[in-house]
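Each chain is listed here by its residues.
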Amino acid sequence: MFKIFKPSPTSYQVKLAGSDTEFSVQRGESLLSSALSAGVQWPFKCKVGSCGTCKCQLLEGKIKPQLDFSYVLDGPEIQQGYILACQTMLKSDLLVSLDLDK
Amino acid sequence: MKFYVNARYLIVPTMSIIAILGILIGGAYAWVGVALFGLNTVIDTLTKDIHLPADFDDQGESYGTKAFQYGVMYFMLPVFIALQIALAYRIFQFTAATPLQVDLFYGIAYQSGISGINLIGAVLSSGLWAGLGIIYGHELSHNKKEGFLVSRLIMALSGASHFTYAHVYNHHLDLGHEDDPATAPRGRNIYAHAWLSHMGQSLFSYNLEEGRLNKQGKSTLNVDNRWILGYLYSLPSLVLFVWAGGLIGVAALFVVWVIANFLLEALNFMGHYGLIRTQGAVEHRHSWDNDSVFTSWFFIEIGRQCDHHVRGETYFWELDDVEGPNYGIGYFSLFVITLIPALFRRYVEKHLVNWDKNYATEDELAVAAKFS
């Protein structure tokens, strides 16, 4: 009932599908920066949401996009749940799919 | 230390307000904004050899306070609106032929009415400080949601709202490549660059929106078109100046926009002139740093281009010297040099030779050879 007064968690957990990789994301940090801080070899180039290198597929959870993904991702990708990790803040724990070999 | 790190970035807000007060007080004070620009050039030149690193505590945390710095950046939007209103007020008085006389406002003397020569001072002051204020539009273009909108609105005051999208989706992606209109190739002068870069970025923004809307099955001529919307954001300024002075008002606003956009493109020109990137990720070597102390504080570290382009998500107060290509002087000093193309070509030659020798890859050297 008084959910509005409930403090939001200071961090969320992210799990990469198909692997044992798991890391936490502090509130205010992007998915990409937290992954890199945790030592995950997440592909990236520009870090400002313009190149699309850091894209991954959101399988479970809620996010807060920081920029409009549609400039970089096409319609089918967005429908399939692709997101840009560098422009993603978290609203819950996440399960994402990432091709670490690319 | 926390106070020092945060307060040192208040030069532009303070001087912008002084420039506004100068226009409002009137008389020769209308030129205060121009005088401050000159004073800054002197200070920047005298302190060109002082370079300071970013300040972090023992845990590696920055002393910069995000809430405060964002508060200041957001506060600059009403400041720049006030700058335009102050100028419009003076244009209104000029076109209405308000008699020149000294009046009092709560005990403070100001000149009611304005002469033609002092109106020129007010217009130049407004253009210079609107242009310098673009540093906030740039910083906020990298910072999400409401910050992005504030960036668009600040840029719209200078008729340059297209910049926000072009900067993120074009300049940061295509830096150093011929696809980036904001990177000046070797041999181009600042005047040609100002025009080509401005128009190139606007065209990119238009094409970007066209592509996005077409993917959604929408027409380009649509209120969802953010290129069109950006120019619509500039309409209130145009309406204000038409109301204030008709054709004289429009001419004044045009001069303000030309100066502001020229300064914006001068920053792009100085930040990447002659540098080349053929493939791969943007690296430190694809930008010039201008990080003398006054430039760093005044331009909220925008001169740390090498670090900014590699860590575009990083707040300005955390940007540091990464030992990339460095002009070794500040923006004000370099800007004066760029205004004289022959002088700039002579000045920049040794820096380009150094870049070719110590930073460029073989592919980049092959491209450089085409310009020699």
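See the structure shown above.
Residues numbered from 1 in each chain as written. Chains lettered and ligands numbered in written order. Predicted model: local features only at pLDDT ≥ 70, side-chain atom pairs only at ≥ 80, totals over all residues. Heavy atoms only, no water.

Caption draft 1: Up close: the overall build of chain A. Scanning chain A from N- to C-terminus turns up 2 helices and 7 strands. Its helices and strands taken in sequence order, chain A reads β-β-α-β-β-α-β-β-β from the N to the C terminus. Within chain A, the proportion of its 102 residues that are buried is 45%. Restricting to contacts in chain A with at least 6 residues of sequence separation, those with at least 24 account for 57%. When the accessible area of chain A is evaluated, it comes to approximately 5600 Å², of which 50% is carbon and sulfur surface. Treating the 11 positive side-chain charges of chain A as one cloud and the 10 negative ones as another, the clouds have centres 9 Å apart. (Helix = DSSP H or I, 4+ residues; strand = E, 2+ residues; numbered from the N terminus. Buried < 20%, exposed > 50% of the residue type's maximum accessible area, 1.4 Å probe, protein only. Contact = heavy atoms within 4.5 Å. Areas by Shrake-Rupley, 256 points an atom, 1.4 Å probe, with all protein chains shown as cover. Lys, Arg positive; Asp, Glu negative; His and termini not counted. Charge placed at Lys NZ, Arg CZ, Asp CG, Glu CD.)

Caption draft 2: The interface of chain A and chain B, seen in detail. Facing 17 residues of chain A, the contacting portion of chain B comprises 19 residues. Summed over both partners, the interface of chain A with chain B buries about 1600 Å², with 56% contributed by carbon and sulfur atoms. Among the residues chain A hides against chain B, the three largest losses belong to Lys47(A), Val48(A) and Tyr71(A). Together they make up 38% of the total. With a closest N to O distance of 3.4 Å, Glu313(B) and Lys47(A) form a salt bridge. Counting the contacts that link chain A with chain B gives 7 residue pairs in polar contact (both at pLDDT 80 or more). Of the residues contributing to the side of chain A that touches chain B, the split by class is 8 nonpolar, 5 polar and 4 charged. (Buried area = accessible area lost by both parts, 1.4 Å probe. Salt bridge = Lys/Arg side-chain N within 4 Å of Asp/Glu carboxyl O. Polar contact = N/O pair within 3.5 Å; in protein donor to acceptor, adjacent residues only side chain to side chain. Nonpolar A, V, L, I, M, F, W, Y, C, P; charged D, E, K, R; others polar.)

Caption draft 3: Layout of the sheet that holds strand β2 (residues 22–26) of chain A. Residues and elements named next belong to chain A. In space, the 5 strands of this open sheet follow the order β2-β1-β7-β3-β5, with mixed pairing throughout. This sheet does not close on itself; its edge strands, each paired only once, are β2 and β5 (82–84). Recorded for the sheet is a direction-independent mean angle of 40 degrees between the axes of neighbouring strands. Alignment of strand β1 (residues 11–16) against β2, held across 5 bridges, turns out to be antiparallel. Among the inter-strand pairings, Gln13 is bridged to a residue of β2, identified as Ser24. (Pairing = 2+ DSSP bridges. Axes fitted to C-alpha atoms, helices over the stretch in contact; angles between N-to-C directions.)

Caption draft 4: Summary view of the side chain of His309(B). All names here are of chain B. Tracing the backbone through its elements, the reader meets His309 in helix α13 (residues 305–310). Judged by its relative accessible area of 3%, His309 falls in the buried class. A distance of 3.2 Å separates polar atoms of two side chains, one belonging to His309 and the other to His272. Apart from residues no more than four positions distant in its own chain, His309 is found in contact with His171, His172, Leu175, His272, Val282 and Ser287.

Caption draft 5: Representation of a positive patch on the surface. On the surface, Lys62(A), Lys64(A), Lys91(A) and Lys145(B) cluster together into a patch of positive charge. Here Lys145(B) shows up in the loop between α6 (134–141) and α7 (146–156). (Patch = residues over 30% accessible without salt bridge, like charges linked within 9 Å, V, L, I, M, F, W, Y side chains within 5 Å.)

Caption draft 6: Expanded view of a nonpolar patch on the surface. Residues Leu232(B), Leu235(B), Leu238(B), Val239(B) and Val242(B) make up a contiguous nonpolar surface patch of roughly 390 Å² in combined accessible area. The biggest single contributor to the nonpolar patch is helix α11 (residues 235–272) of chain B, with 4 residues.

Caption draft 7: Main features of helix α2 (residues 11–25) of chain B. All names here are of chain B. Taking 1.5 Å per residue, 15 residues should reach 21 Å; α2 reaches 21 Å between its end C-alpha atoms and fits that length. Within the sequence span of α2, burial applies to Ile11, Val12, Pro13, Met15, Ser16, Ala19, Ile20, Gly22 and Ile23. Buried residues belonging to α2 abut α3 (32–46), α4 (66–95), α5 (116–132), α6 and α12 (293–298). A positive backbone phi angle near 80 degrees is found at Gly26, which sits one or two residues after α2. (Expected span 1.5 Å × (residues − 1).)

Caption draft 8: Representation of the packing of α11(B) against helix α14 (residues 331–338) of chain B. Residue and element names in this part refer to chain B. Axis separation between α11 and α14 bottoms out at 11 Å; the angle between their running directions is 95 degrees. On the basis of their axis angle, the class for α11 and α14 is roughly perpendicular. Within the contact between the two elements, α11 uses Phe262, Leu263, Ala266, Leu267, Phe269 and Met270 and α14 uses Tyr331, Leu334, Phe335 and Thr338. Here the residues of the contact of α11 with α14 are counted per class, giving 9 nonpolar, 1 polar and no charged. (Parallel < 35°, antiparallel > 145°, perpendicular 65-115°, else oblique.)

Caption draft 9: Looking closely at the packing of aromatic side chains. All names here are of chain B. Counted according to the given criterion, the structure contains 32 aromatic pairs over all chains. Here Phe92 and Trp243 contribute two aromatic rings whose centre-to-centre distance is 5.3 Å and whose plane-to-plane angle is 10 degrees, an arrangement assigned as stacked. Here Trp243 lies in helix α11 and Phe92 lies in helix α4, a separation of 151 residues in the sequence. Above the plane of the ring of Tyr4 lies Arg8, whose end atom (NZ or CZ) is 5.1 Å from the centre. Positioned above the aromatic ring of Tyr70, the side-chain terminus of Lys66 is 5.7 Å from the ring centre. (Phe/Tyr/Trp six-rings, centres within 6.5 Å; stacked < 30°, edge-to-face > 60°. Lys NZ or Arg CZ within 6 Å of the ring centre and 35° of its normal.)

Caption draft 10: Highlighting the nonpolar core. Residues Trp129(B), Tyr136(B), Tyr273(B), Phe298(B), Phe299(B) and Tyr327(B) are the most contacted members of the largest nonpolar core, which totals 83 residues. When residues in this core are grouped by element, the largest group, 14 residues, is from α11(B). With residues near it in sequence (within four places) discarded, Tyr327(B) still touches Met270(B), Tyr273(B), Trp288(B), Asp289(B), Asn290(B), Leu334(B), Phe344(B), Tyr347(B), Val348(B) and His351(B). Tyr12(A), Leu32(A), Leu73(A) and Leu84(A) belong to the second largest nonpolar core, which has 24 residues in total. (Core = buried A, V, L, I, M, F, W, Y, C linked by side-chain atoms within 4.5 Å.)

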